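# Close look at the chain arrangement
The primary structure of each chain is shown beneath.
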Amino acid sequence: GNRNINLLVGKLGRMERVPAYVAQTCEGHETGRRGEAEGGAGGLPPLPAGLPFVYVDVPIPPYANMQSPVSAPVYIPWCPSDGGTGAVPTTPARQAVSSQIVRSRPEGLKQQLVGGPVPPVKAAGRAAAGGPMVDRAEEYTSTVAFYVNDREVVLENPDPRMTLNDYLRSTPGLKGTKRMCNQGGCGVCTVLLTGIDSTSESGVKTVSINSCLRPVATLDGMHVTTIEGIGSTSAGLDPVQQAMVDNSASQCGMCTPGFAMQMKGLLVNTPQPTQEQIESHFDGNICRCTGYRPILDSFQSFAVSEAVAGRVSEKPRHTGGHDGQCSSSKPSGGCQRDIEDLVLCDKMKASLGRKTPAGRRVLRGPRKILLRQTVTRADGTESVVQWAHPLTLDALVSLIQTYPDANKKYVVGNTSSGIYSDADVELYIDIRNIPDLQGSVANGTSLLVGAATAITDFIQLVESVVAADPDKGMSFAAVLPHLRRIASNQIRNVGSIAGNLMITQKHDDFPSDFMLVCMTLGATLTYQDPLAQSPSDRLTVPVENIYGLDMSNKIIISIQWPFRQANEYVSTYKVALRKQFAHAIVNAGFRVVLDPATLTVQGTPTIVFGGILPQTVHATATEQLLVGKVWGSEAMLAEACRSLQQELTPDEGPGRVMYRRSLMNAYMAKFYYTALEAVQPGSVPSSLLESITPYVRPISTGVSTYDEDPIDYKLPQFVPKVELPIQVTGEAVYHIDAPVPPDTLHCSVVQSTEGKATIASIDITAAEAAPGVERVIVGTDIPGLNRCDTVLGLSEEYWEPVLAVGKVSYVGQAVALVLADTLKQAEFARDLVKVTYTDIQQPIVTTEQAVDAESFFPIPSIGPVTKGDVDLGLSNATNVLSGRVEVPAQAHFPMETQTTIAIPEDDGDLTLHCSTQFTSMAQYLVAKILGINQNKINVKCKRIGGSYGCKITRTNQIAGLASLGTFLSGRACSLQLSLQTNMEMIGKRHPYLADYSVGFDDDGRVHTLKAVFYANGGFTVDGTDGTTTSLVMAVDNAYNFDNFYAEGICCQTNLACNTYMRAPGFFPAVFFAEQVMENVAQVLGMTPEDVKRRNFYRRGDVTPYDQTLSYWSLTEIWEKMRVECQFDKRLGEITAFNSRNRYVKRGISMVPMKYGVLLKGLPFGALVSILADGTIVVSHGGTEVGQGINTKVIQAVARGFNIDISLVRVACHQTLTTPNQTATGGSITSELCVQAVLTACKKLRMRIDPFKAVLHATNGRDPTWKEVVHLCVTSGVDMSATGHEFYAPSDKQPYTYNSYGVTCVEVRVDTLTGETEVLRTDVRFDCGTSLNPLVDMGQVQGSVAQGIGYYLTELLTFDDKGKVLSNDTWEYKPPLALDIAVDFRCHLEKNAPNERGILSSKASGEPPMCMMSAVFWAVQHAILSARKDNGFDPTQPLMMDVPATVDNIVAACGNYASLQQ
């Protein structure tokens, strides 16, 4: 242990001058005195000679099984800040601002408060060049040493561009930390980072970070904690992990480790968090499966009790046990100490691995580091990339002077690399540990903060300032909510305040919220120019001045904010596509000083806008206009708005021009009334108060109900999903985690840049000459069939090629495949492939363009499905309404992108580890592509990290490409698409356009519907015909039309082939049906709910597609929901609310659903094998995508043999074991596999039962299961059996059964900005007799959240060529935890057996999503109230675009017409 200490701290020296507060901190240790620390039993190791050090207890993050931060002794270099006395201010962090707050190394910062150019100062508490800090090591070191889960890692001269995620993912045993976006935008890569931090009161700081953004070069001396480090199934689960298991808070599991680590980070720093702290902590974590409710429920169990929104939460905190001992009787089998415990129990200590003395860890202070790597640039030239880590400002100045022309990047958190490429950077300079750039000082007039301060630290500092003096901090308090909306928690933790400013200075498309706040408050920054004539001089300028400066060789030292003046009022605003972690469309800041007596504007006010022009700007003309004006004048407001419109013209680049223009007026008005109400309470009309009062979201709650009596269920042992423990610990292995042979090649796809063109040539010469490249494959290299679709009857021009040959049909299409030793090398060489095009044509992108061009696939139209005489019905109708409605695409956005690993076996066999829902299809097509027999190929799929339909047919191309690489190279090949490539290359949910006419009577009876639907299939058919068939057979939804006509036409466009997605066909069908009912209700002035109820089917009715509704529970569910959710009462309250409020509106909507499920004709098999010890292994034909299929199969086996589920295991699905299966999808695979398993169990029971009877007769008692198995095995009984399910009911009904449900949603809409809050969601769903209600409830909740995303936030955009613009987390916005309903109530119908289903069950994962158009209609109802106030005819049908994004909402309200008013 002593040796490890000495290795870390090096040749350092005697302890000197320990200040009183440090000595007190160290009480009980032999370090609170002068001289060397003494070793010995219970003591400390000898303190090395050299630099002054102290040995203190500081909290560091818990590792395996640790439930709390641990107070651990740590060596910290002590450098007195007074130049020799050792006296340090002991001022608390929250002391009064007026008496001066001083935090860490204040010397240089205090001098800057004087103003003007500041002479250089010594690094606070350290000598300048030649002092101890510089001399601590004679030369820069090229070694980076850190700890991962308490294990030391030493890297010699690592690549400066290598991220922590790169390292973890390449290290065996550490793949629980996932990779998805590589932007810091999804949270799957979250880990904890602990290091010495002299700006914190403890001297050490632990933060959650995105490992995909963190260079390993920044980790020297630090500790990294991954999901493996906090708990495991062998050592025991951490309480965070156990809480997630207890609440079934994981489905596919890819996001789960990231959520667990993010929560662990909160508990390390805040052992007793409030509900608000917990709920707002996950703005950087995306979950696509669970709907967030179970995740939030898991983490809220750690919250302290508190009053929330007028009610008191009585939830107990989740501690996993309260006895203070390790209890193996707990469900986790691990350590169950309370989270506040500070002492490690023995079981915890045993799991920690190699440690420093006394079970403690050593953190080392920063060292000077210099790394050099030679790289090949895109032009083929070689250059050196360097990383430097200076520790003083003088050293930084010297570096800049030495390398003035180098393309430099100054690094603190490196968070900008998630958006902007570092490809051209030659010199990285890590400035995190330069004292002059750290710390803060607050006096009576201003707050000064070091430039390298993390945004989170700045926010905490501002909070302390506000708490210390609320009056002086009032302006800071006004901007705190805005600061908390900057990026995500993980990014704020490490991204610096100056770094944020520098991003917007360099990139016009980065709308910095921090710049907006700085400019609003009148902040200044101080910088130093090392290349100036006087390089030590410092200049102080307004922050916005950096827009006109070349900052490449300048150093921002600090930023300074003035405190609030008397009678000063400040507000800032931001609107984005999503409430959290989304860049601003427009942000705005206002500051004004008003004479309280006369309301006269004193001095020049501040009006700042971002997102209008490329840079954040002052509206200087409008600011001057308001000087001396009387604030209470409505005329002044109108004049200011007119001035803004004349002064600032939004640039066209970002789009949404009218919306951005309208926001200038909206924000000006909001601030005008906000300030007026602050000065003269009661002076603002009550109808406007809601629109100027910031909305504070209450803590969300959830209620889930289902039949809890086990007697009512067909399967025994009511259990959570069996994979939960290995998912929460990161032990679950996905295809991206699978071990590969050491010589595996990595693949990168060369994509087309044109949407419709002829390929003239593909030059692969430079790419094949690049380092590490094995070869480049083009379409003509394919030995078999260059085709990856299975649509029959189409000519070759409509086939989907594996690699394009001769022509390209969409931007992003695969043109070539690069194979290289590393992924980085493959991606580099990919960019060297030169594709030239001729005959470039204008692509067809939209459905409307395809209809106008009559670009249809040469396949018959779908349908028509008919009933009655629609032409006669329309001619006789009292009212006829015709229109066109369109629904857009939606990205599947799985957390595991398309992935295949192809491994060559002996005898020419090929094993594919493929993330696919359709293993048999992948096997079939790969055999065709390679020109070999199917029996040479084994496709394996253990689990999938999310899919929602995109891995049914879209995986075939990926499997084909990886297999080609292996077949042609003889080496294993791994192909995992990046998120951007995945978004560009893989199709989406089908967009649809419909032309319709509807006939109805004055009482709301809709008797005739005629509709023609146009499907945007992309460039090949794939599942377009099947999806459209589902649509035309479902567009009746719950409604009985006397006359009905529905036809579908499949259009060809120049987009990636669109494909199945959750509830394909049914999802748009329900929307179209509801659109009809909504429009009819608007024309007639009726409530939509009354129109819908009037047109319901009844039991025994026959649908247009000849389905007899012998079972019809929808009417009962509807009426139950209407009463249960108090719809009529709430509708009255909403109507009253809307009449009182001019710009903030509420809306409510109920949506019914009928969802047909077809089981017949879909083959699924299972192999059940009983082993000699009585355990059972099962292989079935489905794939686990998070829907809990393995859990239900295990339950079925337990039922089949009446044994405990612990004896049953599901093996990896593979085609050589269960061949010729159909795709997992449609929410029916679990049912069919359960039936197949029961069939196999029945066969085995017939063999086993006679032996059981013999044992009973012999022993006079019932034998145990193991006794029966033993006798059977020793008697030579075949203990394996297959089951094959090809469900085929005898009747001719189109669907096997229908699922029914009703959803009610209430929303709040700010019609000036378009911002929407989902206040409440009620779901009631007929799930039959659930095979596992815990699993099925999760499926419903996830489906609801995905529906909210589709209708509110998930906007897909394309350019004119068809290129996907929203191809990453920066632009595409799935919902986050605060986007779900504040109040979410979900109920599975009780006593609803399904006589036509398997074990009386029904599908659960897809149908509920169809009901979520309720959120869209609720928003529309709020808009209709605003339109009425704006003078629009309420009987004119509103056809609003989907999704209801902020700009679409404002446009629909009709606000643009009043821009000049």
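Source: prediction; values computed, not measured. (Residues numbered from 1 in each chain as written. Predicted model: local features only at pLDDT ≥ 70, side-chain atom pairs only at ≥ 80, totals over all residues. Heavy atoms only, no water.)

Right, let's talk about the sheet that holds strand 41 (residues 1163–1170) for a bit. Strand order in this open sheet of four strands is 43-42-41-45, and the pairing throughout is mixed. With partners counted over all chains shown, the strands left at the sheet margins are strand 43 (1208–1210) and strand 45 (1280–1286), one partner each. For this sheet the average axis-to-axis angle between neighbouring strands, irrespective of direction, equals 20°. With seven bridges connecting them, strand 41 and strand 45 associate as antiparallel partners. If you follow Pro1163 over to strand 45, its bridge partner there is Phe1286. Strands strand 41, strand 42 (1176–1180) and strand 43 of the sheet are contacted by helix 34 (residues 1189–1201), whose axis makes an angle of about 130° with strand 42. On the sheet, helix 35 (residues 1229–1259) packs against strand 41, strand 42 and strand 45 and is oriented at approximately 140° with respect to strand 45. (Pairing = 2+ DSSP bridges. Helix = DSSP H or I, 4+ residues; strand = E, 2+ residues; numbered from the N terminus. Axes fitted to C-alpha atoms, helices over the stretch in contact; angles between N-to-C directions. Contact = heavy atoms within 4.5 Å.)

Under the criterion given, the structure shown has 12 cavities of 30 Å³ or more. Here the largest cavity defines a volume of roughly 60 Å³. If you trace the largest cavity, you find it lined by Tyr810, Val811, Glu984, Ile986, Gly987, Lys988, Leu1055, Ala1056, Asn1058, Phe1358, Gly1362 and Val1364. Its residues assigned to classes, the lining of the largest cavity shows seven nonpolar, three polar and two charged. (1 Å grid on protein atoms, 1.4 Å probe; cavity = no way out; pocket = protein on both sides within 12 Å on 5 of 7 lines; lining within 4 Å. Points joined across faces, edges and corners; volume = space filled by probe spheres on them. Nonpolar A, V, L, I, M, F, W, Y, C, P; charged D, E, K, R; others polar.)

The next thing to look at is the environment of Gly185. Here Gly185 is to be found in the loop between helix 5 (164–169) and strand 6 (190–196). Considering only alpha carbons, one finds Gly185 and Asn210, 25 residues apart in sequence, at a separation of 8.6 Å. Once residues lying within four places of it in the same chain are set aside, the contact partners of Gly185 are Ile286, Phe581 and Thr1369.

Turning our attention to the nonpolar core. Formed by 149 residues in total, the largest nonpolar core has its most connected members in Phe1013, Phe1072 and Phe1201. Residues Ile227, Ile278, Met895 and Tyr1372 belong to the second largest nonpolar core, which totals 58 residues. (Core = buried A, V, L, I, M, F, W, Y, C linked by side-chain atoms within 4.5 Å. Buried < 20%, exposed > 50% of the residue type's maximum accessible area, 1.4 Å probe, protein only.)

Structurally, Ser475 is set in helix 13 (residues 474–483). Classification of Ser475 as buried rests on a relative accessible area of 5%. Excluding anything up to four places from it in sequence, Ser475 contacts Leu521, Arg564, Glu568 and Val570.

Inspection of every chain in the model, using the stated rule, returns 42 aromatic pairs. Residues Phe146 and Tyr167 carry aromatic rings whose centres are separated by 5.9 Å and whose planes lie at 80° to one another, so their mutual orientation is edge-to-face. Placement of the pair is Phe146 in strand 4 (residues 143–148) and Tyr167 in helix 5, with a sequence separation of 21 residues. The same class applies to Phe146 as to Tyr167, namely buried. By way of ring pairs, the aromatic residues Tyr573, Phe590, Phe609, Trp631, Tyr667, Phe671, Tyr672 and Tyr673 are connected into one cluster. Seen from the ring of Tyr569, Arg564 lies directly overhead, with NZ or CZ sitting 5.6 Å from the centre. (Phe/Tyr/Trp six-rings, centres within 6.5 Å; stacked < 30°, edge-to-face > 60°. Lys NZ or Arg CZ within 6 Å of the ring centre and 35° of its normal.)

These figures capture arrangement, not role.
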